[in-house]
Amino acid sequence: MLIAGNWKMNTDVSSSVELARGVIQESEHAGAVNVAVCPPAPLLSVVGEALAGSHVRLGAQNMYWVDSGAFTGEISAQMLSSLGCHYVIVGHSERRQYFGETDVEVNKKVRQSVKAGLVPIICVGERLNQRKAGKEQEVVAAQVQHALEGMEVRASDSFVIAYEPVWAIGTGETATPEQAQGMHKFIRTLVRQQFGNQIADGLHILYGGSMKPSNAEELLIQNDVDGGLIGGASLKADIFGQIIQAAQKL
């Protein structure tokens with residue numbers, strides 16, 4: 001089980017350190033649950049220092065697919081690795097929606113992150129109009145297949161997939177446990193077809209659609225839901241801690 005917090009464009013130097021310390025405290029008894037936080041890029045260094053020596057891993061929210069060069073404002077996988085990052089979020093719905101990130105670019109980022117020794121958290125998911133049109137599996141299948149195209153996967157922990165029903169992010173809506181399970185099972189089947197049983201069975205597939213303490217347990221108990229990519233609920237250590245505790249129970 002993996003519970004990862006995506007802080008998005010929130011916190012500053014002092015509040016990020018305070019939040020990181022709070023997450024460490026809240027997850028002291030996480031047991032077999034892996035915990036990670038993904039602060040904004042300018043705060044990776046100070047949050048990494050705050051997490052040093054703890055069991056909470058550091059992740060980034062984005063990266064570029066080139067080693068180095070004249071790409072003002074971009075961040076390389078090597079930079080993230082040197083800061084102690086273990087994870088990097090790739091293809092988040094907000095990157096796709098607001099910054100025009102394409103499936104081709106997501107694939108480049110996935111391959112570059114793995115090359116640098118990072119574990120990409122690959123985000124996939126459909127918009128509301130796509131679900132209403134009954135195209136949710138078609139959309140997600142294309143995103144998964146494009147993201148993993150050309151990859152040589154040797155271990156199930158080489159990457160993570162996060163299912164984000166875009167219509168359930170920041171809207172107060174949440175996919176039902178049955179909807180989440182159905183899509184997670186579908187994603188695992190896609191990975192099984194491409195990489196075989198061992199990779200598919202060991203893969204963490206996270207739910208990323210407004211998981212919070214009130215619905216965490218009913219989502220996490222589903223057979224193919226292996227954790228959560230948590231947005232707003234990760235910005236308060238005690239609330240994030242309740243989700244970790246729900247995972248620990250299971």
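Residues numbered from 1 in each chain as written. Predicted model: local features only at pLDDT ≥ 70, side-chain atom pairs only at ≥ 80, totals over all residues. Heavy atoms only, no water.

Novice: Before we move on, can you summarise the side chain of S113 with the specific residues and values?
Specialist: Topologically, S113 is positioned in helix α5 (residues 103-115). Leave out the neighbours within four places in its chain, and S113 touches M63, A77, V88, L118 and P120. (Helix = DSSP H or I, 4+ residues; strand = E, 2+ residues; numbered from the N terminus. Contact = heavy atoms within 4.5 Å.)

Novice: Before we move on, could you go through the packing of helix α7 (residues 136-148) against helix α8 (residues 177-195) and cite the residues and values that matter?
Specialist: To describe two helices that pack against each other, one gives the angle between their axes and the distance between the axes. Relative orientation of the contacting elements α7 and α8 amounts to 40 degrees, with a least axis distance of 10 Å. Taken together, α7 and α8 sit at an angle that is classed as oblique. The crossing of α7 and α8 is right-handed. Residues E136, Q137, V140, A141, V144, Q145 and L148 of α7 form the contact with α8, whose participating residues are M183, F186, I187, L190, V191, Q194 and F195. The residue inventory of the contact of α7 with α8, partitioned by class, reads 10 nonpolar, 3 polar and 1 charged. (Axes fitted to C-alpha atoms, helices over the stretch in contact; angles between N-to-C directions. Parallel < 35°, antiparallel > 145°, perpendicular 65-115°, else oblique. Left-handed = near helix turned anticlockwise from the far one by under 90°. Nonpolar A, V, L, I, M, F, W, Y, C, P; charged D, E, K, R; others polar.)

Novice: If you had to explain the nonpolar core to someone new, which residues and values would you point to?
Specialist: If you look at the biggest cluster of nonpolar residues, it comprises 69 residues, and the most contacted ones within it are I3, F159, I187, V191 and Y207. Ranked by the residues each element gives to this core, the list is headed by α8, at 7 residues. Beyond its immediate stretch of four places on either side in the chain, V191 contacts L148, F159, I161, G196, I199, A200 and L203. In this structure, L2, V119, C123 and L206 belong to the second largest nonpolar core, which totals 13 residues. (Core = buried A, V, L, I, M, F, W, Y, C linked by side-chain atoms within 4.5 Å. Buried < 20%, exposed > 50% of the residue type's maximum accessible area, 1.4 Å probe, protein only.)

Novice: Can you lay out the pairing of strand β6 (residues 160-163) for me, pointing to particular residues and giving the numbers?
Specialist: Side chains V160 and A162 project from β6 onto one buried face, and the interleaved I161 and Y163 project onto a second face that is buried too. In the sheet, strand β5 (residues 119-124) pairs with β6 via 4 bridges, with the strands oriented parallel. Bridge assignment links V124 to a residue of β6, and that residue is Y163. Bridge analysis of β6 against strand β7 (residues 205-207) gives 3 bridges, and the strand direction is parallel. Among the inter-strand pairings, Y163 is bridged to a residue of β7, identified as Y207. (Pairing = 2+ DSSP bridges.)

Novice: Can you lay out the packing of helix α1 (residues 13-26) against helix α2 (residues 44-51) for me, pointing to particular residues and giving the numbers?
Specialist: Across the interface, α1 lies against α2 with an axial gap of 9 Å and an inter-helix angle of 30 degrees. Relative to α2, the element α1 lies roughly parallel. Crossing angle aside, the handedness with which α1 passes α2 is right-handed. Residues V13, S16, V17, A20 and I24 of α1 form the contact with α2, whose own contacting residues are V46, V47, A50 and L51. Broken down by class, the residue content of the contact of α1 with α2 amounts to 8 nonpolar, 1 polar and no charged.

Novice: How would you sum up unusual backbone geometry? Please name residues and give values.
Specialist: Positive phi, close to 55 degrees, is recorded for K8, a residue that is not glycine. Mapped onto the secondary structure, K8 falls in the loop between β1 (2-6) and α1. Take K8: its relative accessible area is 22%, and that puts it in the partly exposed class. Positive phi, close to 60 degrees, is recorded for S210, a residue that is not glycine.

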